[in-house]
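Summary of structural features
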Amino acid sequence: LHPLGAQGLNLSLRDCAVLAEEICDAVRVGLDIGSGTVLRRYATRRRADIVTRSVGTGTLNRMVSNDISLLRSLRQAGIGTIAAI
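Note that the structure is predicted; figures quoted are calculated from it, not measured.

What counts and how
- Residues numbered from 1 in each chain as written.
- Predicted model: local features only at pLDDT ≥ 70, side-chain atom pairs only at ≥ 80, totals over all residues.
- Heavy atoms only, no water.
- Axes fitted to C-alpha atoms, helices over the stretch in contact; angles between N-to-C directions.
- Helix = DSSP H or I, 4+ residues; strand = E, 2+ residues; numbered from the N terminus.
- Parallel < 35°, antiparallel > 145°, perpendicular 65-115°, else oblique.
- Contact = heavy atoms within 4.5 Å.
- Nonpolar A, V, L, I, M, F, W, Y, C, P; charged D, E, K, R; others polar.
- Expected span 1.5 Å × (residues − 1).
- Bend = angle between axes of the 7 residues up to and from the residue.
- Buried < 20%, exposed > 50% of the residue type's maximum accessible area, 1.4 Å probe, protein only.

1. A few points about the packing of helix α1 (residues 3-29) against helix α2 (residues 36-64)
- One can describe the packing of α1 onto α2 by two numbers: an axis separation of 10 Å at closest approach and a directional angle of 170°. Judged by the angle between their axes, α1 and α2 are roughly antiparallel. Contacts between α1 and α2 involve L4, Q7, L11, R14, D15, V18, L19, E21, E22, D25 and A26 from the first element and V38, R41, Y42, R45, R46, D49, I50, R53, T57, L60 and N61 from the second.
- Looking at side-chain class alone, the contact of α1 with α2 contains nine nonpolar, three polar and ten charged residues.

2. Here's the deal with α2
- In this model α2 runs 40 Å from its N-terminal to its C-terminal C-alpha over 29 residues, within 8% of the 42 Å that 1.5 Å per residue would give.
- Remark: the principal bend of α2, roughly 40°, maps to R46.
- Turning to α2, its buried residues are V38, Y42, R46, D49 and G58.
- In the core, the buried residues of α2 are packed alongside α1.

3. What to know about the environment of A84
- Within the fold, A84 resides in helix α3 (residues 69-84).
- For the pair A84 and R28, spaced 56 residues apart in sequence, the C-alpha to C-alpha distance is 52 Å.

See the structure below:
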């Protein structure tokens, strides 16, 4: 996968895992799995990861799709360093 696409896949997998945990917890204590309480808990648990990943991915996307000479030079140096490793 392209690194940007992989971030979306990773987020989706973590979304599924957290949602499954919240559903199991709700069932265990007898809550309606579609209740606002359960859904808010899920959203709260996922918010930081989603915001952080979205900002990081958006920044990375702007860096690799920008043709400003300084950014192009930095991008080439970074790719060269990774290739050398």
